[in-house]
Amino acid sequence: MQLSISIVEQPNEIDDHLLDIIGNEFKFSHEKGLPEWLKNSVDAYIRQEPVVPDDQQFILLNFRDAASGEPPIIECIDFCGMSSQDIDKALKRWGDPKAASRGLKKHTYGGHGNGGKFYMRQMFERSYFLTFRQGKLNVFGFNERRKYGFAKGIKDKPCSPREAMKMAGLNELDLPSGVRDKIENGEAGFTVVRGIHPSKLRGSIPVSKICDKLRFHAQARKLIQRKPVVILHNGRVFLPRLEPERIELRPGYENLPLIAIPAKLLAADGDGQIEFANKKYPAGHLKLAVAKEPFGRNSRLSELNCIDILGQIGVIASYRIHELVHITQYAQAEFIFGECFCPILEDPDDDCVKNDREKLIAENPKTGALLKWIAEQIDDLGRRLEAEEAKDRKLQNLRLTDEFNKILNTWKNQFMDKLLTDVLGGQGT
């Protein structure tokens, strides 16, 4: 006899130990955590109505050195703002793929809703959001014990724009032109994400070094191409705009055609085929490019010798070319980089995306099949480059031979007549 059982659903309980395990992915570098803050700020602008133009979506990274007994501080500032309801519905929630969009039908950069919070939790002694919108100030963050909550007395605190800016320290910063007026006129709010006493940083913060790493980081490169990210050091402009490293392309390879991902790909182990397109997820594509000079594994640009994997709006993984184990054209691959857009990787029923979005889930057969196919396309391009290089070498050898023959003929014309006269005792002909 079977019992008829109906489970009464209850909210999930999450132990802090699980947060520690997941959060360790964000524990080892600031250049890995800061892109998460940048993405949160971009998403805040995406949610705004009316739409804020790209060139007005200002994001400030302010690095404050330790001074007068005060610890170093890192801040990320945007000019949108959040309400306490936004915090309750999104910031408090862990692992919610819809948190970044706030229920709107807009594509956002936020993935699982975790990255920015985990960076705050794991890499600072204390951290908090200080946010102002529609006349109300809220402070929400993590204390020394990594527990989060609203600051005492600063939840929906009525506040004038000038008072809010003073409390947030914005009145001490070099702000972009017109931003301060918009806040004072009620046309804009703001959010300051503040991390106090950052891990591994003491005294003066190496701003140039951090900026260089951000330029090359897969999660940041796409954002700083499109959005004005301003770098401040102790409140003063250090870089008016952070820009990605530019790569000079090989002549003749400036506009390579997109390579469509087939609807089905052979599994990496050769056992069966794996679906990469259906009614819900269209087929993606691979876009390759060829640099004028080889990257070289040990050069400053070597990190750009990679393939970024893109989802609906941003980078969900990135692989250095030498990490693609099926590559055979090693020498030519040193010139190649690109990006692969593959929406089906984010299918929640078979998700390939890791929480930190550095690499895809290796155990998923889709990952193996896609990476093998990408390696095959790189090898095809590599063989084309190799054939072109062989042709160039042949032409160069022919030119060298021709030049050598000209030198010999010149020598003959200058000295042969005299040689024949001296040797044969007659006039050379």
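1. Observations regarding the overall build of the chain
Part 1: When its secondary structure is counted, the chain shows 10 helices and 16 strands.
Part 2: Buried residues in the chain amount to 46% of all 429 residues.
Part 3: Across the chain, contacts joining residues at least 24 apart in sequence account for 69% of those joining residues at least 6 apart.
Part 4: With the model as given, the accessible surface of the chain reaches about 23400 Å², and the carbon-plus-sulfur share is 51%.

2. With respect to the environment of glutamine 273
Part 1: The topology assignment puts glutamine 273 in strand S12 (residues 273–275).
Part 2: Overall, glutamine 273 belongs to the exposed group, its relative accessible area being 58%.
Part 3: In this structure, the C-alpha to C-alpha distance between glutamine 273 and proline 365, residues 92 residues apart in sequence, is 9.7 Å.
Part 4: Beyond its immediate stretch of four places on either side in the chain, glutamine 273 contacts Lys264, Leu265, Leu266 and Ala267.

3. Remarks on helix H8 (residues 218–226)
Part 1: Burial analysis of H8 places seven of its nine residues in the buried class, which makes it a mostly covered element.
Part 2: When H8 is considered as a whole, its buried residues turn out to be Ala218, Gln219, Ala220, Arg221, Lys222, Leu223 and Ile224.
Part 3: Buried positions along H8 lie against helix H2 (30–46), helix H7 (207–216), strand S8 (229–233), strand S14 (306–310), strand S15 (315–320) and strand S16 (336–341).

4. Comments concerning the nonpolar core
As a rule of thumb, soluble globular proteins bury nonpolar side chains together.
Part 1: Grouped together as the largest cluster of nonpolar side chains are 61 residues, with contacts concentrated most on Phe79, Leu170 and Phe190.
Part 2: The element contributing the most residues to this core is H2, with seven residues.

5. Things to note about a nonpolar patch on the surface
Part 1: A cluster of nonpolar side chains, contributed by Ile14, Leu18 and Ile21, occupies part of the molecular surface with about 270 Å² of accessible area.
Part 2: Structurally, isoleucine 14 is set in the segment before helix H1 (16–23).
Part 3: Exposure remark for isoleucine 14: the relative accessible area of 44% places this residue in the partly exposed category.

6. Describing the pairing of strand S7 (residues 190–198)
Part 1: When you tally the buried positions in S7, you get eight out of nine residues, the bulk of the element.
Part 2: Where strand S2 (residues 73–78) lies against S7, six bridges are found, and the strand directions are antiparallel. Residue pairing across strands places cysteine 76 opposite valine 193, the latter belonging to S7.

Reading the values: rules and limits
Residues numbered from 1 in each chain as written. Predicted model: local features only at pLDDT ≥ 70, side-chain atom pairs only at ≥ 80, totals over all residues. Heavy atoms only, no water. Helix = DSSP H or I, 4+ residues; strand = E, 2+ residues; numbered from the N terminus. Buried < 20%, exposed > 50% of the residue type's maximum accessible area, 1.4 Å probe, protein only. Contact = heavy atoms within 4.5 Å. Areas by Shrake-Rupley, 256 points an atom, 1.4 Å probe, with all protein chains shown as cover. Core = buried A, V, L, I, M, F, W, Y, C linked by side-chain atoms within 4.5 Å. Patch = residues over 30% accessible without salt bridge, like charges linked within 9 Å, V, L, I, M, F, W, Y side chains within 5 Å. Salt bridge = Lys/Arg side-chain N within 4 Å of Asp/Glu carboxyl O. Pairing = 2+ DSSP bridges.

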